[in-house]
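Chain residues, written in single-letter form:
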Amino acid sequence: MKSSDLFSRAKTLMPGGVSSPVRAIKPYPFYVERAAGSRLTTVDGVDLIDCCLGYGPLILGHAHPEIREAIERQLAKGWLYGTPTPLELDLAGMLVDDHPAIEMVRFVSSGSEATMAAIRLARGYTGRQDIVKVEGGFHGAHDAVLVKAGSGATTLGVPDSAGVLPDLVAHTRQVPYNDPEALEDLLSKNDDIAAFILEPIMGNVGPVLPDDGYLAAVREITAAHDVLLILDEVITGYRVGIGGAEVLYGVKPDLATFGKIIGGGLPIGAFGGRREIMELVAPAGPVYQAGTFSGNPASLAAGYATLRHLHEHPEIYRRLDEATRAIGEVATDAHRGSFVRIGSLFKHFFRGEPPRNYREVKECDTEAFSRFWRAMLDAGIFLPPSQFETNFLSAAHTKEDIEQIADAYGSCLFA
Ligand code: PLP
């Protein structure tokens with residue numbers, strides 16, 4: 001069956017025809033038959049270079065032989081025990097070794113679960129009720145963080161989704177990214193704030209990069225007010241390097257959340273941080289958290305194999321950085337908007353200057369983006385289908401793939 005026929009049927013079976021909203025590409029999404037390396041093959045027989053990579057987890061590309069072997073080895077031994085497994089220690093040990101601020105971790109099954117639990121833990125530890133997030137920051141699809149970028153740092157949260165209780169999101173405050181003064185102002189006027197949660201690099205409207213000194217200022221301000229700093233490293237973890245943004249920018253959070261790459265492409269999440277805080281998590285302490293699939297052996301096996309491969313081949317990060325630089329040289333020449341990149345994250349914003357926060361991101365010309373996106377797809381390149389989602393590269397993208405992406409950028413931006 002072709003993609004258009006599959007989608008017609010899907011719409012009768014699933015809301016919007018999809019399992020997650022961003023997949024509902026208009027007029028219909030393409031359906032994937034299989035994937036290998038840097039390529040997706042659709043059921044319509046089209047080969048695409050993939051710069052979406054499952055929205056980030058697949059830093060080694062699709063169906064990497066080492067990861068596949070690790071998963072298959074685990075599958076042969078069973079894939080769910082409901083007991084601890086030795087694999088947990090491998091992955092937990094690696095996360096702790098790679099992140100100076102992380103002394104203990106708890107595995108969950110998604111990034112959303114990780115941020116939900118980290119926020120609960122911050123409230124349990126501090127005994128305070130409110131949290132602060134960044135306007136436009138994304139931490140998953142649970143109620144406390146589904147808050148629209150609002151009208152200013154100190155305004156009360158507004159529900160972003162029907163069904164979210166206004167009373168609940170009233171406890172979610174917001175500040176603009178790259179604005180330490182707004183954070184200082186908010187924290188100095190409110191003594192009921194448990195934590196500030198932020199993506200160190202805004203990845204769900206971006207990448208929007210931190211100004212020099214922003215993350216250090218955030219650390220200083222939160223510490224001065226005894227507010228916990230939660231770094232959401234679900235995208236940046238092992239994406240911007242081993243140790244994620246914590247190591248790249250030298251910022252020490254109290255808690256951090258992980259997902260995506262640490263599961264090698266299978267579902268996973270984790271949160272971790274200072275021992276004194278983590279020891280409040282059940283059964284060691286009173287903050288409840290649990291999950292049937294937490295520490296799933298197949299995810300742990302895929303994640304550990306991925307992280308081990310990255311440790312053994314650190315040159316991957318340099319190569320990916322060079323690759324986005326090469327694409328950026330073409331895109332910058334095109335003089336239509338602004339190209340932003342860091343490591344293997346990149347994006348062309350249809351706005352003159354690189355945005356520094358969510359309000360500036362929203363100034364982008366989304367119609368120009370849509371035309372560009374469609375032209376790129378026609379040229380055989382699959383980019384995430386939104387001006388507000390980051391593009392990714394993997395170690396499986398070859399020199400020829402990068403040249404093809406750069407050529408397509410050149411011709412599609414000029415078109
Ligand atoms: N935090 C960040 C920074 C994310 O980018 C995402 C997902 O894209 C999440 C949390 C939620 O993760 P998941 O989709 O695994 O629930």
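Residues numbered from 1 in each chain as written. Predicted model: local features only at pLDDT ≥ 70, side-chain atom pairs only at ≥ 80, totals over all residues. Heavy atoms only, no water.

1. A closer look at the UniProt feature "modified residue: N6-(pyridoxal phosphate)lysine" (unreviewed entry) in the protein chain
Heads up, the condition is: UniProt positions are given in the numbering used here, feature names are shortened, and annotations may be inferred rather than shown by experiment. Strands are runs of DSSP state E lasting at least 2 residues, helices are runs of H or I lasting at least 4, and numbering of each runs from the N terminus. For the exposure calls, accessible area comes from a 1.4 Å probe over protein chains only, and a residue counts as buried if that area is under 20% of its type's maximum, exposed if over 50%, partly exposed in between.
Mapped onto this numbering, the UniProt entry gives "modified residue: N6-(pyridoxal phosphate)lysine" (unreviewed entry) at Lys260. Turning to its location among the elements, Lys260 is positioned in the loop between strand S9 (255–259) and strand S10 (269–273). Since its relative accessible area comes to 24%, Lys260 is described here as partly exposed.

2. Comments concerning the pattern of salt bridges
Spelled out, the test is: By convention in these notes, a salt bridge is any Lys or Arg side-chain nitrogen within 4 Å of a carboxyl oxygen on Asp or Glu.
By the definition in use, this model includes 16 salt bridges. For the salt bridge of Arg351 with Glu363, the shortest nitrogen-to-oxygen distance reads 2.9 Å. Pair noted here: Arg351 is in the loop between strand S12 (345–349) and helix H12 (358–361) and Glu363 is in the loop between H12 and helix H13 (366–378), with a separation of 12 residues, a long-range link. Salt bridges sharing common partners tie together Arg219, Asp254, Arg274 and Glu276.

3. Brief notes about the site of the ligand
For clarity, the threshold we go by: We call a residue near a given molecule or strand whenever any one of its heavy atoms falls within 4 Å of it. Definition of a polar contact: a pair of N or O atoms within 3.5 Å, with one able to donate and the other able to accept a hydrogen when the atoms are protein atoms, and with sequence-neighbouring residues admitted only if both atoms are side-chain atoms. The protein chains shown are the only cover counted for residues, whose accessible areas, like all others here, come from Shrake-Rupley with a 1.4 Å probe. Each residue gets one of three labels, nonpolar for Ala, Val, Leu, Ile, Met, Phe, Trp, Tyr, Cys and Pro, charged for Asp, Glu, Lys and Arg, and polar for the others, Gly among them.
Looking at the ligand, the residues that line it are Ser110, Gly111, Ser112, Phe138, His139, Gly140, Glu199, Asn204, Asp232, Val234, Ile235 and Lys260. At a separation of 2.8 Å, an oxygen atom of the ligand approaches a polar backbone atom of Gly111. The contact in question runs from an oxygen atom of the ligand to an N or O atom on the side chain of Lys260, over 2.9 Å. The fraction of the free accessible surface of the ligand (390 Å²) that becomes covered by protein chains is 81%. Split by residue class, the shell around the ligand holds 3 nonpolar, 6 polar and 3 charged.

4. Observations concerning the nonpolar core
Note on soluble globular proteins: their nonpolar side chains tend to be buried together. We count it as follows: Throughout, nonpolar core names a set of buried Ala, Val, Leu, Ile, Met, Phe, Trp, Tyr and Cys residues whose side chains join them through atoms within 4.5 Å. An automatic or database domain assignment supplies the start and end points of every domain. The contact rule is simple, with two residues in contact once any of their heavy atoms fall within 4.5 Å.
Core analysis: the largest hydrophobic core is formed by 89 residues, its most contacted members being Phe196, Leu198 and Tyr409. Among the domains, domain 1 (31–63 + 313–414) and domain 2 (66–311) are the pair contributing at least three residues each to this core. Contact partners of Tyr409, with chain neighbours within four places excluded, come to Ile327, Val330, Ala331, Phe339, Phe346, His348, Phe372, Met376, Leu383 and Asn391.

5. With respect to the packing of aromatic side chains
Which entries qualify depends on this criterion: Pairing of aromatic side chains requires ring centres within 6.5 Å, counting the rings of Phe and Tyr and the six-membered ring of Trp. Pairs whose planes differ by under 30 degrees are stacked, by over 60 edge-to-face, and all others tilted.
The tally for this structure, following the rule as stated, stands at 9 aromatic pairs. Where Tyr177 meets Tyr214, the ring centres are 5.1 Å apart and the plane angle is 70°; that geometry is what we call edge-to-face. One end of the pair, Tyr177, is in the loop between strand S6 (172–175) and helix H6 (180–189); the other, Tyr214, is in helix H7 (residues 214–224), with 37 residues separating them in the sequence. Its relative accessible area of 1% is what places Tyr177 among the buried residues. Pairwise contacts between aromatic rings join Phe339, Phe346, Phe350, Phe369, Phe372 and Tyr409 into one cluster.

6. Notes on unusual backbone geometry
A cis amide bond links Gly206 to the next residue, Pro207, at an omega of 25°. The residue Pro207 is located in the loop between strand S7 (193–198) and H7 in this model. We note that Leu53 has phi near 50°; this positive angle belongs to a residue other than glycine. Even without being glycine, Ala63 reaches a positive phi, approximately 50°. Summarising the element assignment, Ala63 is placed in the loop between strand S3 (47–50) and helix H2 (65–75).

7. A short note on helix H10 (residues 297–312)
Short version of the rule: Given a helix with a known number of residues, its expected span is that number minus one, times 1.5 Å.
For H10, which comprises 16 residues, the first-to-last C-alpha distance of 22 Å matches the rise-based estimate of 22 Å (1.5 Å per residue) to within 8%. Of all 16 residues making up H10, 13 are buried, and the element is well covered by its neighbours. Where H10 begins, one side-chain oxygen reaches toward the backbone nitrogen of Ala298, 3.1 Å away; that side chain belongs to Asn296.

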